[in-house]
2 protein chains.
Amino acid sequence: MLPDIEICRTTTLASISTIATQAGLLDTEFDTQGTYKAKVSLDCLKRLAPKKSGKLILVTAITPTPLGEGKTVTTIGLAQGLAKLNHMVTACIRQPSMGPVFGVKGGAAGGGYSQVAPMEELNLHLTGDIHAVTAAHNLAAAAIDARIYHEQRLGYDDFETRSGLTALKIDPTRVVWKRVMDHNDRALRMVTVGKNETGKTINGYEREDGFDISAASELMAILALANDLKDLRQRIGRIVVAYSYSGEPVTTEDLQVAGAMAVSMKEAIEPTLMQTLEGVPTLIHAGPFANIAHGNSSIIADNIALKLGDYTVTEGGFGSDMGFEKACNIKSQASGKAPDCAVIVATLRGLKANSGHYDLLPGQPIPDSLFANDHAALVAGFENLQWHINNVNKYGVPAVVAINRFPQDSEEELTQLKAMIEALPNNVLVAISEGFANGGNGTKELAEKVITQCEVSSTFTPLYTLNQTTEEKLMAVAEVGYGAGSVTLSDIAKQQLQQFKQQGFDDLAVCLAKTPLSISTDGSLKGAPKGFDVPIRELKLCAGAGFIYALCGNVMTMPGLPEKPAFMNLDLDDDGNIIGLS
Amino acid sequence: MLPDIEICRTTTLASISTIATQAGLLDTEFDTQGTYKAKVSLDCLKRLAPKKSGKLILVTAITPTPLGEGKTVTTIGLAQGLAKLNHMVTACIRQPSMGPVFGVKGGAAGGGYSQVAPMEELNLHLTGDIHAVTAAHNLAAAAIDARIYHEQRLGYDDFETRSGLTALKIDPTRVVWKRVMDHNDRALRMVTVGKNETGKTINGYEREDGFDISAASELMAILALANDLKDLRQRIGRIVVAYSYSGEPVTTEDLQVAGAMAVSMKEAIEPTLMQTLEGVPTLIHAGPFANIAHGNSSIIADNIALKLGDYTVTEGGFGSDMGFEKACNIKSQASGKAPDCAVIVATLRGLKANSGHYDLLPGQPIPDSLFANDHAALVAGFENLQWHINNVNKYGVPAVVAINRFPQDSEEELTQLKAMIEALPNNVLVAISEGFANGGNGTKELAEKVITQCEVSSTFTPLYTLNQTTEEKLMAVAEVGYGAGSVTLSDIAKQQLQQFKQQGFDDLAVCLAKTPLSISTDGSLKGAPKGFDVPIRELKLCAGAGFIYALCGNVMTMPGLPEKPAFMNLDLDDDGNIIGLS
């Protein structure tokens, strides 16, 4: 098979106007950005409001391994498969961050014959949404430090007299809004800002700060959860960026910067329309993390897609304990739309890796033994798949397992796995998915099974409702969701619970930030662990996004570059084409 | 008169496709980005190569005052005036930085009836070029810190064995590549990066660093000076980002990041086409500072404009000692195209402010007395205008003075000033320019005078040639250019001259980074100072941009936000329109 970028370059694509028109958009409802991208106006939602919404299919996966299970390939492949069956379908995916593109893994556009194209446009800048998030985020950060500087330099009274503003009296040690950058830059994780040459204070007041990667910005979660521009504006205004000396929360609205932030994100609220290699319309929008945020593409993109077609295929980050859980408990409660069917992506190698019998490291070559028949490993790893099937059913969402086939996979093991799934008591369906090698023709069986499950009448129930206490909501996700035996809150977390309650932040969703490498909070517990404890170290308020996230262990919000970063392969050839992107 | 944004919103604009087609571009030579912006492909240059180039008009000004002389208004107004006279004309301006838009001054799109429209699209994000510069710049910064980290963490030998790369042995105290952000954020001027929790080194190694505003990036100067994509790529590879422990320069090519940086700027190399309120095509491209860089729009935009029309109107930053000087000595030597005519913008209030009789501060209200007749102040300030006329003529470029009229201006003083200019021995022409109030109809006289001067046969000579020594080049600008009596190099600067020479960086242009508020390096010396000393504190190498810049005093490369920043006015109204941008 050709490399991804070659497949992409040798495929003839339609102009994005053609794709948009075929999808049912009017000329006035999209703005082309070059030949293959268009911004879709939210105006189309008004026109299409009377139309019946299509079915929402959420692609999730078994517990991820360093090998990659091919969730985006399956998402794009399934959308193409549904289109082969003559359905109107739209895929919705997250915008890839440029940090990892330059850092480790290259692009994130699917692969093989199930890609979003052109992949270089998807992976680099796209239509500037992440840059707009970065700009809006850092504007608030600059506003905080400038306000501290002027208030302290002039004294509160003088500041108020001169500016006509009310002093916010921000405690510089309690600024909770870091800066962001769309790069893997570990040197920025912990920085000191506001440093001065000796004896001067012209650069502000020194304080400890740090940078996250832009995808970790609360604004990215807000972009993904807002229902419209007004909602975006209001959510931005609710962000708590710091606390005053007296402990009062300081918001972007208090800083009078919320309006400017929304202005900066005015174009970012419009999803970007692209196409798959087989011409299936694909909306790319937002890219929140699936640990400290909810890890799903935007509500706005889904809403547009649901009105345009019979089927909308989208994906949640990591396994079903992560992106899928958050899609059900956070996203669905914000949008009012639950998934009609979940597709659980599993691979032979991924299941065997989940057995715990292999020691795999990111970036290291895959041991050949993983491709040999290993019944014991498959059976051990199968527990993990079974857990994810049960987990999906727990929410009342019907499931289809997509076995994403790799060329080295043994026919015998594939048959075995299929039989094991079919033998389960759940009403689960299974199909082998060959989207990578065969595009939509390789996923027709999967598409048919998905259509079947979409017809099962929904009994969707989230694990909690927003009016429960934060503690009850945390317990619901940990115990009912993960199957934990207990939840242990640290003293800090207990204090924070108290404080958030007092300050009126008790009607928010909860978002558990834990390792994706285990269903538990301990990455080394493979398979389907039970009875474990979920230790909650600290809580973080995202009042704008509408959730409190709970840190269960270390979560990296600013990756670093490896010894030999992916950027070393990138360059332009003599004709100005990008080389080295994969 | 209506506020700028209202004038802009109530003007009916043509679609950018219509503008592009009228300007002479083929459909395949531009990509629309929404209704009013288009990226112009450099491919058009090949097709248009046989066509005769038009005339290049460079708008400059007297020494700037806190009042603003209206250089962009005159640039856009003149382009509109030339169009009224039925000439094919294109304006070329720099992309406004978002920092000042949110910080102090609001937008930078001209004003009144001489604006580039839509002004909110020009001022916010545009087509993402500054974001691309920022991303490429910070990628190199991340690459530097990651390389230092991995080499020091593993030791040079282990690093080489593991990665297969050659250790660069970068001295962390000699990293000369800061980070950038497109915000006014004084707290980032001096930062410590690579900080760790006690006892750990997972975030790299601590070192002192800082952020500049993105416009101050060497990449911005490179974008403005590159002749094509290949030149851009090569210039990027020549950037010196650090020195090794043994004092050897380390380039982006050494870091193997130059290719990825060029990839990140692949779309940024295409100028953005917009239009003025009267439908004159306007190319917006690059926005380098006019002190530490050369302060002019791009060579590529000029080259396209020169092929499209009879006249290209562009502007240089600050007074003719700054942007114009650098356009002649740096830009023209890189492009091979000299200005055919210079327009010197002067205002009554600006000339009187240049008398030194008034004490004006940025952001403070203008004293009424400045608008009363004040012959003495006008005569004193006139020396400054005369200096700029002589300065322009020094390069063999014919000049037209554009008196940019303000509503409060006295008819008597305008007549007086016009007569004073007409009485000069230089072959200088003068016209009152009313672009702000009347658009192209207010600049027809100016346009006619400009056309006359464009017919004068060129005797253009830069002040130096690149094969002179760096010291000779510095002397030429200071003594022949500014009329300084002497140049004093600090010990550091002398050492650096020596070092750059040894390392082969002796064929570069020079760029004096000095205050724009005086012709000298002392901002308090108003009018036309003579015999002053030019002290050169330090030299900075921009091997990619192709110049060495000389710091003559403090130059601020990261602005700060004022007590009451412009962002406080910005918001979205109920219909999602931007309010508060001016």
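Residues numbered from 1 in each chain as written. Chains lettered and ligands numbered in written order. Predicted model: local features only at pLDDT ≥ 70, side-chain atom pairs only at ≥ 80, totals over all residues. Heavy atoms only, no water.

By the naming in an unreviewed UniProt entry, chain A goes by Formate--tetrahydrofolate ligase and is assigned to Vibrio sinensis. As recorded by UniProt, the Pathway (unreviewed entry) comment attached to chain A reads in full: "One-carbon metabolism; tetrahydrofolate interconversion." Regarding chain A, the UniProt comment filed under Catalytic activity (unreviewed entry) reads as follows: "(6S)-5,6,7,8-tetrahydrofolate + formate + ATP = (6R)-10-formyltetrahydrofolate + ADP + phosphate". (UniProt positions renumbered as here; feature names shortened; annotations may be inferred.)

Brief notes about the interface of chain A and chain B
Of the residues lining the interface, 77 residues belong to chain A; the matching set on chain B comes to 76 residues. Taken together, the two surfaces of chain A and chain B that pack against each other cover about 6,300 Å², and 61% of this comes from carbon and sulfur. For the interface between chain A and chain B, the tally reads twelve salt bridges. Linking B:Lys195 and A:Glu208 is a salt bridge whose minimum nitrogen-to-oxygen distance equals 3.3 Å. Inspection of the region where chain A meets chain B yields 38 residue pairs in polar contact (both at pLDDT 80 or more). Counting residues per element, the side of chain A that touches chain B draws most heavily on helix H7 (residues 129-154) of chain A, which supplies 14 residues. For the side of chain A that touches chain B, a count of residues per class yields 35 nonpolar, 21 polar and 21 charged. (Contact = heavy atoms within 4.5 Å. Buried area = accessible area lost by both parts, 1.4 Å probe. Salt bridge = Lys/Arg side-chain N within 4 Å of Asp/Glu carboxyl O. Polar contact = N/O pair within 3.5 Å; in protein donor to acceptor, adjacent residues only side chain to side chain. Helix = DSSP H or I, 4+ residues; strand = E, 2+ residues; numbered from the N terminus. Nonpolar A, V, L, I, M, F, W, Y, C, P; charged D, E, K, R; others polar.)

Topic: the sheet that holds strand E23 (residues 538-542) of chain B
All names here are of chain B. Judged by pairing direction, the sheet is mixed, and its three strands sit side by side in the order E21-E24-E23 without closing on themselves. Either end of the sheet is taken by a strand with one partner, and the two such strands are strand E21 (509-513) and E23. Sheet twist, expressed as the average angle between the axes of neighbouring strands with direction ignored, equals 25 degrees. Relative to strand E24 (residues 547-551), E23 is paired through five bridges, and the arrangement is antiparallel. Looking across to E24, one finds that Leu 541 is bridged to Ile 548. On top of the sheet, helix H13 (residues 320-335) reaches E21 and E24; it is set at about 155 degrees to E21, its chief contact. The sheet contacts of helix H19 (residues 470-482) involve E21, E23 and E24, and relative to E21 the element is tilted by about 50 degrees. (Pairing = 2+ DSSP bridges. Axes fitted to C-alpha atoms, helices over the stretch in contact; angles between N-to-C directions.)

A few points about helix H16 (residues 411-422) of chain A
Relative to the 16 Å expected for twelve residues at 1.5 Å per residue, H16(A) spans 16 Å between its end C-alpha atoms, a close match to the ideal helical length. Residues of H16(A) that are buried sit in contact with helix H14 (348-353), helix H15 (375-394), strand E18 (399-404) and strand E19 (429-433) of chain A. (Expected span 1.5 Å × (residues − 1).)

Looking at the relation of the copies chain A and chain B
Here chain A sits on chain B after a turn of 180 degrees about the axis and a move of 0.0 Å along it, with an RMSD of 0.0 Å. With respect to symmetry, the two chain copies, as superposed, fit the operation of a two-fold axis. Taking C-alpha positions as the reference, the residue of chain A nearest the rotation axis is A:Gln33, at 2.1 Å. (Least-squares fit on C-alpha atoms with pLDDT ≥ 70 in both.)

A short note on the UniProt feature "binding site: ATP" (unreviewed entry) in chain A
All names here are of chain A. Taking the UniProt record as the reference, the feature "binding site: ATP" (unreviewed entry) is found at Thr 65, Pro 66, Leu 67, Gly 68, Glu 69, Gly 70, Lys 71 and Thr 72. The residue Pro 66 is located in the loop between strand E3 (55-61) and helix H4 (71-84) in this model. Accessibility expressed as a relative area gives 43% for Pro 66, which makes it partly exposed. Position of Thr 72 among the secondary structure elements: in helix H4. If we ignore the near neighbours within four places in the chain, the residues touching Thr 72 are Ala 109, Gly 110 and Glu 315. (Buried < 20%, exposed > 50% of the residue type's maximum accessible area, 1.4 Å probe, protein only.)

As for the side chain of B:His294
All names here are of chain B. Assignment of secondary structure puts His 294 in the loop between strand E15 (281-284) and helix H12 (299-308). Using a relative accessible area of 0% as the deciding quantity, one classes His 294 as buried. Those residues in contact with His 294, other than ones at most four positions away along the chain, are Ala 221, Ala 224, Leu 225, Pro 288, Phe 289, Gly 323, Lys 326, Ile 330, Lys 331, Cys 511 and Phe 547.

Comments concerning a nonpolar patch on the surface
On the surface, A:Met1, A:Leu2, A:Tyr113 and A:Phe436 cluster together into a nonpolar patch covering about 390 Å² of accessible area. Residue placement: A:Phe436 occurs in helix H17 (residues 435-438). (Patch = residues over 30% accessible without salt bridge, like charges linked within 9 Å, V, L, I, M, F, W, Y side chains within 5 Å. Areas by Shrake-Rupley, 256 points an atom, 1.4 Å probe, with all protein chains shown as cover.)

A short note on unusual backbone geometry
A cis amide bond, omega -10 degrees, links A:Ala117 with the succeeding residue A:Pro118. For B:Lys169, which is not glycine, the phi torsion reads 50 degrees and is therefore positive. Along the chain, B:Lys169 falls in the loop between helix H8 (156-163) and strand E7 (170-175). Of the residues examined, B:Lys169 reaches a relative accessible area of 38% and is grouped as partly exposed. Although it is not a glycine, B:Phe318 adopts a positive phi angle of roughly 55 degrees. Secondary-structure assignment places B:Phe318 in the loop between strand E16 (311-315) and H13. Taking the relative accessible area as the measure of exposure, B:Phe318 reaches 29% and is therefore partly exposed.

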